[in-house]
Amino acid sequence: MSEIPARAKESAESKESKESKETERPSHGAPLGDAVWQSNPPGSIYDYIKVASFSIGPDGLVDQWSLRAEQLLGIPAEHAVGTDPIDAFVDPELRERGQRKMAEILDGREWTGVVPFRTPDAPGSPVPDVPGDPDRDGERGRGRRGLAEVYVMPTRTEDGEKAAVCIVVDVRVLRSIETDLAASQAIFGQSPFGFLLIDPDLRVRRANHRFASIFGGTPDSHRGKTVHDYLPRAEADRLSATLRRVLETGNSITDMHVTGFVPGSEGRRHWSVNLYRVHSGSGRPIGVAWLGTDITSRRQAAREAAAARRNLALLNDAGARIGNSLDLETTARELLDVVVPGFCDLATVDLYQGLLAGDETPPGLADGSAELRRVAFSSAVSDAPFLGTGERVKLGAVHHYPFNSPCADALRTARPRSVPAEEGGLVQSTLAVPMVAHDTVVGLAQFARTKGSEPFGDRDRDLAVELAARAAVCIDNARLYRREHERALILQRSLLPPGDPEASGLDIACRYLPGNAATGRASEVGGDWFDVIELPGHRTALVVGDVMGRGLRAAVAMGELRTAVRTLAQLDLEPAEVLAQLDEIARGLGAPSGVQQATRSARRPREADLSEVYLATCVYAVYDSVTRRCTFANAGHLPPVLVEPGETALMLDVPPGLPLGVGGEPFEEVEVELPEGALLALYTDGLVESRDHPLDEGLQAFVGALTDPAQPLEDVCDHVLNTLDSHHGEDDIALLMARVQGLPSDSVGDWTLPREPRSVGRARELARAQLLDWDMEPLVDTTELLVSELVTNALRYGEGEIRLRLLLDRTLVCEVWDSGLVQPRRRRARATDEGGRGLQLVGLLSAAWGSRRTPRGKTVWFELPLPGADTQLTDPAEALLSLF
């Protein structure tokens with residue numbers, strides 16, 4: 001019988017790997033809910049080990065069967081009491097040995113061992129017959145098999161007879177506890193994470209080796225400690241409140257981040273803590289389990305990744321926001337708008353004074369001590385530029401850095417330098433970063449962080465260099481653009497009429513605003529221009545034009561067209577003819593060989609570069625102060641505006657024609673009689689059109705602004721510019737306004753002479769009388785002589801009646817008209833020639849002379865300055881002698 005436990009144990013161990021823990025089955029007589037397994041304080045071993053008992057009488061039969069035995073073995077007491085336990089529970093092949101062992105027990109010997117058993121299928125058994133149950137035999141009626149550890153103690157009855165008490169424990173439960181303990185020990189002792197068991201008093205009940213290796217000591221040395229022994233006060237209070245909440249509510253906490261320090265290290269450590277409530281076998285809370293993971297490196301990697309993303313976002317923001325303006329100061333401010341407060345707390349930008357002054361060779365001395373101007377400053381915490389980092393420099397001030405200073409060293413070496421902070425100052429970390437563009441230092445940017453912010457690191461230094469370099473390239477581009485803009489603007493202004501132009505019979509005022517002049521931002525100049533050209537006979541040509549495009553190219557094209565207009569105007573061509581010639585010139589501006597003839601233009605390849613096509617709009621008007629009639633011709637330009645006295649402004653209906661440079665269509669003329677005191681306005685599209693105001697709206701606003709034309713013209717111009725949106729800066733603005741002041745009738749002498757020789761003397765008499773009437777006696781002799789020459793030429797070479805006209809305004813103009821089409825041509829007479837010196841004499845004695853075609857012939861004229869003018873009159877006698 002002694003070998004039964006060994007064999008039984010061996011059999012149980014081989015079978016244990018195939019069995020799982022059996023769910024307890026209550027009996028009919030004693031439901032599971034009626035059994036009280038827990039009566040000890042929480043944490044007792046009996047919470048987990050279910051112990052059953054029964055007693056054996058002197059006859060070897062069961063005489064007492066406990067409720068726990070009923071629950072453990074699944075046999076009701078009424079079926080167990082009075083049965084032989086060997087016959088009832090032991091397999092037949094083991095019964096003989098079991099009987100011998102029972103005899104020894106009843107003989108007063110204790111016994112402990114592992115016994116395989118089976119439960120019979122007794123009527124009323126609570127164990128159901130479930131097919132496939134691993135604890136049941138395959139045959140009906142053989143019951144459920146099991147393995148029990150039995151402790152048998154001999155006893156005596158009241159009569160002194162020998163009996164026994166049996167204590168039975170299910171081996172499966174013991175093996176399960178053993179496995180759980182091994183697993184718990186492995187998890188608790190071998191876990192790479194810090195593990196704590198905290199009791200309801202929030203003290204450490206148990207710590208594993210990993211936790212002890214971090215905070216020092218042995219696992220046992222941490223017993224009784226609280227979280228305040230490991231963490232700073234604020235963190236410990238927060239964690240204590242969380243532990244108490246978990247203990248009270250049973251709600252688990254996952255990934256709670258805790259920050260603290262460990263012995264022997266000054267660095268801050270971060271942990272991710274999971275907390276959950278732990279229960280005893282009876283379900284009562286016995287504490288909180290703490291599972292902590294060190295996430296310091298993960299947090300560091302996350303911070304680095306976040307910093308990298310932030311830096312990339314900052315660079316992306318810099319690319320989008322820096323360089324939108326071609327202005328140096330604005331670009332510097334855009335840099336600071338990007339870095340403050342996202343990158344630093346304070347920042348400044350200093351640019352070389354020579355660069356701002358437009359020197360051809362910017363940046364100054366090689367030692368870094370050249371003069372700089374502070375062009376931008378930004379602060380998120382203070383308005384005092386870099387308090388605590390040296391001498392204050394006001395915004396806009398010109399200064400220089402000492403030779404041995406970190407800033408001068410940064411400028412000298414083109415490498416960033418750290419600027420040490422002063423004691424008691426606001427700033428704790430400053431970077432001086434040179435602004436380098438195309439291997440040239442253009443200035444210095446300083447970035448500072450105040451106390452409480454993280455000092456600059458290597459990654460921050462690299463980012464600062466990249467930001468400064470991007471801004472430097474934009475600043476250098478703005479510098480180059482400003483230089484080109486200023487050159488183009490100088491060229492453009494040099495091609496416009498200097499000062500206030502004057503004209504006979506007109507009061508003139510003009511305004512010219514380059515693009516973005518009002519906003520202060522650098523921009524390409526345009527091709528807008530205006531001109532006032534004096535023509536013979538006290539006539540005036542008024543011109544306003546606009547070359548399409550911007551920049552130096554447009555300014556040069558405008559200059560060429562303006563020069564061509566003045567040249568054509570001096571030929572005294574009709575306005576339509578002037579525009580036709582300008583169209584040919586504009587079509588030839590883009591050609592390599594200059595102005596092309598029409599036949600050559602027709603042979604120009606169609607695939608010619610469109611960038612070389614020059615287009616322009618122009619309105620050309622010729623005003624005659626004697627008749628107050630004005631002839632207009634338009635090449636795709638905006639219509640002139642006329643304001644008559646007492647009337648509202650209106651746009652003249654002048655056929656627009658095609659822009660210059662297009663070609664293929666003739667230009668039309670319109671003649672308008674202007675009343676005395678009328679106001680005429682010529683302008684470019686920049687005055688009436690912008691992104692916010694369409695052209696139609698701008699034209700109506702311009703017409704509505706001309707409400708009081710009687711005011712001085714300068715005031716009218718200012719009123720128009722202030723009323724309209726003239727400060728948008730998107731395009732050049734040219735405005736030319738003229739008030740009609742016709743030549744008085746008493747300043748005009750007009751006579752018709754018959755075609756006969758005596759008309760020469762009659763012309764001299766009429767001229768003398770008119771000059772004496774005008775009180776111009778000093779001009780009488782010269783005028784008589786020149787009138788005689790022109791009338792004589794008209795008689796000899798002209799046709800039809802002769803007309804003599806004298807005009808007195810700022811100068812004296814004499815005109816002789818006839819119907820002949822042949823223009824006089826001046827030639828140099830030889831010493832032996834008797835004639836041919838008339839026109840030479842006219843050229844010597846007059847300030848200017850010429851001839852022009854008229855609809856009915858030609859007009860030959862000369863002009864004399866009035867007495868008292870700066871021009872001295874030529875003595876006729878000396879002029880005659882100089883001819884020989």
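Since the model is a prediction, treat every value here as computed from it, not as a measurement.

Conventions adopted
Residues numbered from 1 in each chain as written. Predicted model: local features only at pLDDT ≥ 70, side-chain atom pairs only at ≥ 80, totals over all residues. Heavy atoms only, no water. Helix = DSSP H or I, 4+ residues; strand = E, 2+ residues; numbered from the N terminus. Buried < 20%, exposed > 50% of the residue type's maximum accessible area, 1.4 Å probe, protein only. Contact = heavy atoms within 4.5 Å. Areas by Shrake-Rupley, 256 points an atom, 1.4 Å probe, with all protein chains shown as cover. Salt bridge = Lys/Arg side-chain N within 4 Å of Asp/Glu carboxyl O. Expected span 1.5 Å × (residues − 1). Phe/Tyr/Trp six-rings, centres within 6.5 Å; stacked < 30°, edge-to-face > 60°. Lys NZ or Arg CZ within 6 Å of the ring centre and 35° of its normal. Pairing = 2+ DSSP bridges. Axes fitted to C-alpha atoms, helices over the stretch in contact; angles between N-to-C directions. Patch = residues over 30% accessible without salt bridge, like charges linked within 9 Å, V, L, I, M, F, W, Y side chains within 5 Å. Lys, Arg positive; Asp, Glu negative; His and termini not counted. Charge placed at Lys NZ, Arg CZ, Asp CG, Glu CD. pLDDT = per-residue confidence, 0-100.

(A) Main features of the overall build of the protein. Across its full length, the protein holds 22 helices and 31 strands. Per-residue burial for the protein yields a buried fraction of 49% across its 884 residues. Within the protein, counting contacts between residues at least 6 apart in sequence, those at least 24 apart form 63% of the total. Summing over all exposed atoms, the protein offers an accessible surface of approximately 43600 Å²; the carbon and sulfur share of this is 50%.

(B) Local environment of the pattern of salt bridges. Counted according to the given criterion, the structure contains 38 salt bridges. The salt bridge involving glutamate 235 is made with arginine 238; its shortest N-O contact spans 3.0 Å. Here arginine 238 and glutamate 235 lie together in helix H8 (residues 233–249), a separation of three residues that amounts to about one turn. Exposure remark for glutamate 235: the relative accessible area of 17% places this residue in the buried category.

(C) Fine view of unusual backbone geometry. With an omega of 0°, the peptide bond running from valine 340 to proline 341 counts as cis. Of note in the backbone geometry, aspartate 255 takes a positive phi value of approximately 55° without being a glycine. Within the fold, aspartate 255 resides in strand E8 (residues 253–260). Positive phi values are uncommon outside glycine, yet aspartate 572 reaches one of about 60°.

(D) Structural view of helix H14 (residues 552–570). Between the first and last C-alpha of H14 there are 27 Å, a value that for 19 residues agrees with the 27 Å anticipated at 1.5 Å per step. Of all the residues in H14, the buried ones are Ala554, Ala555, Ala557, Met558, Gly559, Leu561, Arg562, Ala564, Val565, Leu568 and Ala569. Aspartate 572 sits one or two positions beyond H14 and adopts a positive phi of about 60°.

(E) Looking closely at the packing of aromatic side chains. Evaluation of the coordinates by the stated rule reveals eight aromatic pairs. Each ring, one from phenylalanine 211 and one from tyrosine 230, has its centre 5.1 Å from the other, and the planes form 80°; the classification is edge-to-face. In this pair, phenylalanine 211 sits in helix H7 (residues 209–215) while tyrosine 230 sits in the loop between H7 and H8, placing the two residues 19 residues apart along the sequence. For the pair formed by phenylalanine 211 and tyrosine 230, the shared burial category is buried. Ring centres of phenylalanine 343 and phenylalanine 447 lie 5.7 Å apart, and the angle between their planes is 85°; on these two criteria the pair is classed as edge-to-face. Remark: phenylalanine 447 occurs in strand E16 (residues 440–450) and phenylalanine 343 occurs in the loop between helix H10 (328–339) and strand E11 (346–352); sequence separation between them is 104 residues. Taken together through their ring pairs, the aromatic side chains of Phe211, Phe215, Tyr230 and Trp271 make up a single cluster. Geometry around phenylalanine 403 places arginine 412 over its ring, the cationic atom sitting 4.3 Å from the centre. In this arrangement the basic side chain of arginine 852 is found over the ring face of tryptophan 817, its NZ or CZ atom lying 5.7 Å from the centre.

(F) Structural view of the sheet that holds strand E28 (residues 802–808). Taken in spatial order, the five strands of this open sheet run E27-E28-E29-E31-E30, and their pairing is antiparallel. Here the strands that pair on one side only, and so sit at the sheet edges, are strand E27 (748–753) and strand E30 (848–854). Each strand of the sheet is rotated relative to its neighbour by a mean of 15°, with strand direction disregarded. Bridge analysis of strand E29 (residues 811–818) against strand E31 (residues 857–865) gives eight bridges, and the strand direction is antiparallel. Its bridge partner lying in E31, cysteine 814 is registered against phenylalanine 862. Together, E28, E29 and E31 form the strand contacts of helix H20 (residues 780–797), whose direction differs from that of E31 by roughly 170°.

(G) Expanded view of a negative patch on the surface. Together, Asp59, Asp63, Glu158, Asp159 and Glu161 line one region of the surface with negative charge. With respect to the secondary-structure elements, glutamate 161 resides in the loop between strand E4 (144–156) and strand E5 (162–170).

(H) Quick peek at the environment of leucine 561. The residue leucine 561 is located in helix H14 in this model. Look at leucine 561 and you get buried, because its relative accessible area is 2%. The spatial distance from the C-alpha of leucine 561 to the C-alpha of leucine 660 is 9.9 Å, given a sequence separation of 99 residues. Ignoring anything within four residues of it in the chain, the contact list for leucine 561 reads Trp529, Val547, Leu582, Ile585, Ala586, Leu589 and Ala616.

(I) Representation of the confidence of the model for the protein in the model. Per-residue confidence for the protein gives a mean pLDDT of 80; residues scoring 70 or more make up 81%. Throughout residues 1–42 the model reports pLDDT below 50, and contacts reaching past four residues in sequence, or to other chains, amount to 75 contacts. When the criterion is pLDDT under 50, residues 122–142 qualifies, and its contacts beyond four places in sequence or with other chains add up to 40 contacts.

(J) Representation of the pairing of E31. Burial within E31 is extensive, with eight of its nine residues counted as buried. Alignment of E30 against E31, held across seven bridges, turns out to be antiparallel. In the strand pairing of E31, serine 851 is matched with valine 860. Hairpin connection of E30 to E31: two residues between the antiparallel strands.

(K) Spotlight on the sheet that holds strand E19 (residues 539–550). The antiparallel open sheet is built from five strands, whose spatial order is E18-E19-E20-E21-E24. Of all strands in the sheet, those with a lone pairing partner are strand E18 (526–535) and strand E24 (669–673), marking the two edges. Within the sheet, the average angular offset between the axes of one strand and its neighbour, ignoring direction, is 15°. The pairing of E18 with E19 spans 10 bridges and is antiparallel. Residue pairing in the sheet places isoleucine 533 in a bridge with alanine 541 of E19. On top of the sheet, H14 reaches E18, E19 and strand E20 (616–624); it is set at about 15° to E18, its chief contact. In the packing of helix H15 (residues 575–589) onto the sheet, the strands contacted are E20, strand E21 (629–635) and E24, and the crossing angle to E21 comes to about 25°.

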